[in-house]
Amino acid sequence: IIELPEGHPSRNVVEIIFHTSWGPKPFPGRVELIFKLQNAPRTVSRFEEFREAMKGRAAAGLAEGNDGEENARCIADGNEVMRFHCLGPAGDGGPYDAGCAWSFPEKKGAAICTFSGSGGAHETAGGGRGRRAMLVCRVVAGRVSKQLGFLDSLLDKRVGFDSVSRDNGELLVFDSRAVLPCFLI
């Protein structure tokens, strides 16, 4: 990781995105540090391969006569979006608790949840006061199901989809290769 000092252009952009996506009220605290994450070449390669696979699947679906408008983003970039993942509060100077993650052990699956806004990610990790850490990630959403319902049945309902969008800005992603952390706030 590389610390981005105050005034660094990348830090300024990340702070603006963080603050503007917080919610209707302004962010009540202050950003202490921002780090740029240097992912291992293998991690970046897996992410890029996954994105290319999503683009290929979308193009194949278009060739089979599926709705091209729905797949346009997938064909262009795998439906890549920027998302937030809160790591939750730190306890007594210790490590940060893992943020929102859903596990489906009976179905041998899991989902990583990311949020469209920093405020939503914060609230899902417990909200409140205290020091928090948050990841800004690139996420390949692929084909997104807008189905809402019980979390227990999400894995059954996701046939033909790569992620599930919920009404609170949450996006459940079912493949860890689809998430590439870029900044730590």
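All of the points below concern the structure found in this document. What you see is a predicted model; the values in this text were computed from it and never measured.

Quick notes on the rules
All chains use their own residue numbering, which begins from 1 and follows the written sequence. pLDDT decides what is reported in this predicted model: residues at 70 or higher carry local features, side-chain atom pairs at 80 or more are listed and counted, and totals for whole chains, interfaces and linings draw on all residues regardless. The basis for every side-chain value is the complete set of heavy atoms in the structure, and neither hydrogens nor water enter the calculation. Here a strand pair is declared whenever DSSP counts at least two bridges between the two strands. The helix count covers DSSP runs of H or I at least four residues long, the strand count covers runs of E at least two residues long, and both are numbered beginning at the N terminus. Throughout this description, buried means an accessible area under 20% of the type-specific maximum (1.4 Å probe, protein chains only), exposed means over 50%, and partly exposed covers the range between. Any two residues whose heavy atoms approach within 4.5 Å are treated as being in contact. Put simply, a salt bridge is a Lys or Arg side-chain nitrogen that is within 4 Å of an Asp or Glu carboxyl oxygen.

### Considerations on the pairing of strand β10 (residues 179-184)
So, step 1. Two strands pair when backbone bridges link them, and strand β2 (residues 35-36) and β10 are joined in this way by 2 bridges, in the antiparallel orientation. The residue bridging Phe-35 from the neighbouring strand is Leu-184, located in β10.
So, step 2. As defined by bridge partners, strand β6 (residues 132-140) adjoins β10 across 5 bridges and the pair is classed as antiparallel. Within β10, the residue paired with Arg-138 across the bridge is Leu-180.

### Some words on the environment of Ile-185
So, step 1. Here Ile-185 shows up in the segment after β10.
So, step 2. In this structure Ile-185 comes out as buried when scored by relative accessible area, which is 13%.
So, step 3. Separated by 51 residues in sequence, Ile-185 and Met-134 place their C-alpha atoms 5.1 Å apart.
So, step 4. Sequence-distant contacts of Ile-185, defined by excluding residues within four places in its chain, comprise Val-14, Phe-18, Val-31, Leu-33, Ile-34, Arg-132, Ala-133, Met-134 and Val-136.

### Topic: the pattern of salt bridges
So, step 1. One pass over the structure, following the stated rule, counts 9 salt bridges.
So, step 2. Residues Arg-166 and Glu-170 are paired through a salt bridge, measuring 2.8 Å at the closest nitrogen-oxygen approach.
So, step 3. Residue Glu-170 is classed as buried on the basis of its relative accessible area of 2%.

Read these as spatial facts, not as claims about activity.
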